[in-house]
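# Residue-level structural notes
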Amino acid sequence: MAPSLEEPEPVQDVLNNPLKARPQLVAPEPEHCPGPESERAGQADSCAGCPNQAICASAPKGPDPDVPAIAARLAGVRHKLLVLSGKGGVGKSTFTCLLAHAFASDEARTVGVMDADICGPSIPKMMGVEAETVHVSAGGWEPVWVADNLGVMSVQFMLPGRDDAVIWRGPKKNGLIKQFLKEVEWGAMDFLLVDTPPGTSDEHLSVNSFLKESGIDGAVMVTTPQEVSLLDVRKEIDFCRKAGIRVLGLVENMSGFVCPKCTHESQIFRATTGGGAALAKEMGIPFLGEVPLDPRIGMACDYGESFFDHYPDSPACEALKGVVRGLARELGLDAEQVMPDD
Amino acid sequence: MSLSKIKHIILVLSGKGGVGKSSVTTQLALSLALSGHSVGVLDVDLTGPSMPRMFNIENAKVTQAPGGWLPVPVHAADPDAGIGELRCMSLGFLLRGRGDAVVWRGPKKTAMIRQFLSDVLWGEMDYLLIDTPPGTSDEHISLAETLLKDALPGQVAGAVVVTTPQAVATADVRKELNFCVKTSIPVIGVIENMAGFVCPNCAECTDIFGKGGGQVMANDFHVRFLGGVPIDPQFVMLIETGRRPTYPQGTIINGQDFSGASVDAEETKDASLLAVKYQSCSLEPIFKKMTRDIIAAVE
C-alpha cells in the first residue's frame, strides 16, 4: 500500500460522528452509493448486488438512544466541567482533586468527580479511596464518597487487583465512560468534574458527545510552562474550538520551585516562550493563574489527603484559591461565595 | 517489512504521562549515537508528538520515496568522532500546523501505527527506539500486536519503563509493567526520572517528587533498576533554546568536573549539533552508564 500523507478523515466528520465507526467496507463504494453512513445505506436500489450491502445495512443508524438517558440522569447536576490537557503529567488529576476539595469546602455544596482516564486512573489514590469498590443498588451505581458531599467514580474501583492493567481499545473505553454517565447515581449535585487522560482521542470525543445534550459548562486547561507542554495544550485548545467546548481558562502548574533551604526560586520547567500566560493571550482565552511547584502537594496526593486542609497558608494554596475564584467568575458565580477570602 | 534490517527494537513505555518518556528517549538516542550506533526514533504518540520539538526539527517534513517514507535526519554519522547516525519519524512531521489537533479514534490510530511500522524506510540500523503515549490502549495494543507478528525472533529487545518517584506515578506505571507481562514484551529495566532537583543556588538536593519509588517498583516486579535521573534545568534549556549546558564553577558530579568548561553560550538551534552539545550536560554520564547496561542486556 502506498503511504498517504493527507489525513484520510476530516476532523469535523469525526466530531460530528464521534462514536460511530465507519462501516468496514470490503469493496469500493459503487456509483450512486447512498453513502455507507446514510439512512438508506444497504437499502437503496444501487445497493443491490454490492458486496458491501449486508455490512452497510447492519451498521447502526440514527442518534444514540443513550444520550437522552444520560441527560435525564444528569438533570440534577448544575455545572459540568472538564479538566483537560494535551500533555500528560502536568497536574490534571491533582488540579481536579484540589478543585473538588475547594468546591466541597462548603458543606452546602455537593461535588462529583468522574475519572475518565481509563488506562491510568489517579483520582482514587489522590482522594485516598483506592481500595474502595463500587456498590450497585436499584437506583444505579453508587459513587464512592470521599466526604459527605464529595463523590468519586473511577475504573480503579472495578479492578480485581490494584496494579491490573486495563488493556482496552477505544470502543470499550467509550462503553465504560457511557456507563459512568448513565448508570452512576450522581443525584443532585452542584459540580461534576470530569478528569481526562492526555490527548485528543476516544475518551474526549465520547465525553463530549455523551454530554452534548446535558450541556458542558466548559473546560479548564492545565499546562506546565515549557514549550514542549504548551505545544500539546495548543492542540487541545484547537480540539475544544472544533468541538464547540468553551475554554473557561488556562492554569499554569509547576511554575517555579522555591528551594526549601535557601528560598531561591528556580524555573525548573522554564517558560522560554512566555509560558501559559503568553499561550492564553495568543489563543484568546482567560489565564487563571500560576501555581508554583510544592513538593508537599505531591506528598498530599500520594497519601490521599487534602492539600487545602493541611497547608492552608502555603503560596501554592494561595495561588490555587486565586485560580478557583477566577474559575468561579468565568462560570458566572459569586467568587467570594465559592472561595471565601479568609 | 521496513524493520527487517534493524538489529534491536526498544520500546520506551510508561503508564503515566509527563514522566519524561520523550526526554528519556531523546537522551537514550543521543547516548546510543554517541557510542557509535546508528539510531532511529519512532514517535507513536499521535495526539501529542514531542520528538520533533525534542530534536529541534519541528519544521522538517517527511519526504516520500518509492515504497515508503524517508525518516528525518537529526545528524549524520561521523565515523572519525565515533558518532552514529540519528534519524526520526513522527506524526508531527505530517501535520499542516503545529497547533493542529489530531482528533482520531482508535481504529485510525491503529492504522497509522501499522503504517509507521511498515512504510518507513529505515534501511540498515542498529537501534530503533519507539516513544509511546501514556496508557495501555490502542497505540500499545497495536504496537505489541504488529511487533509480535512481524518482527524477527529476538529483534524486539524489550521495553524501558520510565516513572517518576511519587506513588501516584508508580501506581500507573505498575499497570504498564503488567501490560508487558501480558503481552510478553520483556522489560529491560526501569528508569526513575525527576529523581531530585539540585538547587543551582545552594546545591541542596530536594526530592520534589519523592524518592526511591522506581527502585521499589523494580524490586516488586523483579526487573532491573537502570538508575535515577535528577532534574537538570540545563537539559531543558538545551532542548528549548539550543544553549550548551553550563554549570557554576566547582560543579563536580560523580567525580567529573562540569564547571565552566564551555562558557561559549552560543544559542544555535542546529539539530546536528545536539549530540555534541549534549556531552556537556550533567545527565550525559548517567545515560552513558544506563546505555552501556542496556546494550549489555540486549546484545
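Cut-offs and rules
Residues numbered from 1 in each chain as written. Chains lettered and ligands numbered in written order. Predicted model: local features only at pLDDT ≥ 70, side-chain atom pairs only at ≥ 80, totals over all residues. Heavy atoms only, no water. Helix = DSSP H or I, 4+ residues; strand = E, 2+ residues; numbered from the N terminus. Rg over C-alpha atoms; globule rule 2.2 N^0.38 Å. Buried < 20%, exposed > 50% of the residue type's maximum accessible area, 1.4 Å probe, protein only. Contact = heavy atoms within 4.5 Å. Areas by Shrake-Rupley, 256 points an atom, 1.4 Å probe, with all protein chains shown as cover. Lys, Arg positive; Asp, Glu negative; His and termini not counted. Charge placed at Lys NZ, Arg CZ, Asp CG, Glu CD. Axes fitted to C-alpha atoms, helices over the stretch in contact; angles between N-to-C directions. Parallel < 35°, antiparallel > 145°, perpendicular 65-115°, else oblique. Nonpolar A, V, L, I, M, F, W, Y, C, P; charged D, E, K, R; others polar. Buried area = accessible area lost by both parts, 1.4 Å probe. Salt bridge = Lys/Arg side-chain N within 4 Å of Asp/Glu carboxyl O. Polar contact = N/O pair within 3.5 Å; in protein donor to acceptor, adjacent residues only side chain to side chain. pLDDT = per-residue confidence, 0-100. Arc of directions from axis to C-beta. Phe/Tyr/Trp six-rings, centres within 6.5 Å; stacked < 30°, edge-to-face > 60°. Core = buried A, V, L, I, M, F, W, Y, C linked by side-chain atoms within 4.5 Å. Expected span 1.5 Å × (residues − 1).

When helices and strands are counted, chain B shows 9 helices and 13 strands. For a compact globule of 299 residues, the expected C-alpha radius of gyration is about 19 Å, and chain B comes in at 19 Å, within 12% of that figure. Seen along its three principal axes, the alpha-carbon backbone of chain B occupies a region of about 55 × 40 × 40 Å. Counting the 299 residues in chain B, one finds 65% classified as buried. Long-range contacts, defined here as pairs at least 24 residues apart, represent 78% of the contacts in chain B between residues at least 6 apart. Total accessible area on chain B is roughly 10,400 Å²; 53% of this is exposed by carbon and sulfur atoms. Placing the 26 positive and 31 negative side-chain charges of chain B at their respective mean positions leaves the two points 5 Å apart.

All names here are of chain A. On the secondary structure map, V155 appears in the loop between β6 (150-153) and α6 (170-182). When its relative accessible area of 2% is taken as the criterion, V155 is described as buried. Through-space distance from the C-alpha of V155 to that of P51 is 41 Å; in sequence the pair is 104 residues apart. For V155, the residues in contact, after removing those within four places along its chain, are D117, I118, P121, L176 and F180.

The next thing to look at is the packing of helix α1 (residues 21-34) of chain B against helix α9 (residues 284-298) of chain B. Residues and elements named next belong to chain B. Two elements in contact, α1 and α9, have axes separated by 9 Å at closest approach and are oriented at 75 degrees. Viewed along their axes, α1 and α9 adopt a mutual orientation that is roughly perpendicular. Of the residues in α9, those in contact with V24, Q27, L28, S31, L32 and L34 of α1 are E284, F287, K288, T291, I294 and I295. Considering only residue class, the contact of α1 with α9 consists of 7 nonpolar, 3 polar and 2 charged.

Okay, the interface of chain B and chain A next. Counting residues at the interface gives 65 residues for chain B and 69 residues for chain A. Across the chain B to chain A interface the summed buried area is about 5,800 Å²; carbon plus sulfur atoms make up 58%. Among the residues chain B hides against chain A, the three largest losses belong to B:V103, B:R105 and B:K175. Together they make up 14% of the total. Run the count over chain B and chain A and you get 5 salt bridges. Between A:K261 and B:E204 there is a salt bridge, with the nearest N and O atoms lying 3.7 Å from each other. Seen at the junction of chain B and chain A, the total is 28 residue pairs in polar contact (both at pLDDT 80 or more). Sort the elements by how many residues they give to the side of chain B that touches chain A and helix α5 (residues 167-182) of chain B lands first, with 9 residues.

In this fold, A:N208 is placed in helix α7 (residues 202-210). If we skip the residues at most four places from it in the chain, A:N208 touches A:I216, A:A243 and A:I245.

Time to look at the environment of A:P260. Residue and element names in this part refer to chain A. Looking at where P260 falls in the secondary structure, it is placed in the loop between β9 (247-258) and β10 (265-266). Here P260 falls in the exposed class, since its relative accessible area comes to 58%. In sequence terms P260 and D294 are 34 residues apart; their C-alpha atoms lie 9.5 Å from each other.

Mean pLDDT over chain B: 91, with 94% of residues reaching 70 or higher. Predicted complex metrics record ipTM = 0.89 and pTM = 0.89.

This paragraph deals with helix α6 (residues 213-220) of chain B. All names here are of chain B. Within α6, the full set of buried residues consists of G213, G214, M217 and A218. What you see down the axis of α6 is that its buried residues fit within an arc of 130 degrees, all on one side. Residues of α6 that are buried sit in contact with β8 (156-163), α5, β9 (187-198) and β11 (225-231). In the stretch just after α6, H222 is the one whose phi turns positive, near 55 degrees.

Our next topic: the packing of aromatic side chains. Residues and elements named next belong to chain B. By the definition in use, this model includes 6 aromatic pairs over all chains. Measuring from centroid to centroid gives 5.8 Å for W69 and F116, while their planes differ by 70 degrees, and the two rings are edge-to-face. Within this pair, whereas W69 is found in strand β4 (residues 68-70), its partner F116 is found in helix α3 (residues 106-119), the two being separated by 47 residues in sequence. Here W69 falls in the buried class, since its relative accessible area comes to 0%. Using a relative accessible area of 0% as the deciding quantity, one classes F116 as buried.

Turning our eyes to something else, we now look at the nonpolar core. Among the nonpolar cores identified, the biggest contains 92 residues, and A:F95, A:F103, A:M114, A:M127, A:F180 and A:W186 are the most heavily contacted of them. If sequence neighbours within four positions are ignored, A:M114 has contacts with A:M153, A:I177, A:F180, A:L181, A:W186, A:L192, A:L193, A:V194 and A:D195.

The subject of this paragraph is α9(B). Residue and element names in this part refer to chain B. A rise of 1.5 Å per residue sets the reference length of α9, with its 15 residues, at 21 Å; its end C-alpha atoms lie 20 Å apart and thus fit the reference within 8%. All of the buried residues in α9 are E284, I286, F287, M290, T291, I294, I295 and V298. Buried residues in α9, looked at end-on, bunch into an arc of 160 degrees, giving them a common side. Facing away from the buried surface of α9 by more than 90 degrees, the exposed residues are R292 and A296.

On inspection of all chains with the given rule, the structure shows 28 salt bridges over all chains. As a salt-bridge pair, B:R98 and B:E58 come within 3.2 Å of each other at their nearest N and O atoms. With B:R98 in the loop between β6 (86-90) and α3 and B:E58 in the loop between α2 (51-54) and β3 (63-65), this pair connects stretches of sequence that are 40 residues apart. Residue B:R98 is classed as partly exposed on the basis of its relative accessible area of 38%. The class of B:E58 is partly exposed, set by a relative accessible area of 24%. Among the ionic contacts, a cluster of salt bridges with common partners joins A:E227, A:R234, A:E282, B:R53, B:E58, B:R98 and B:E240.

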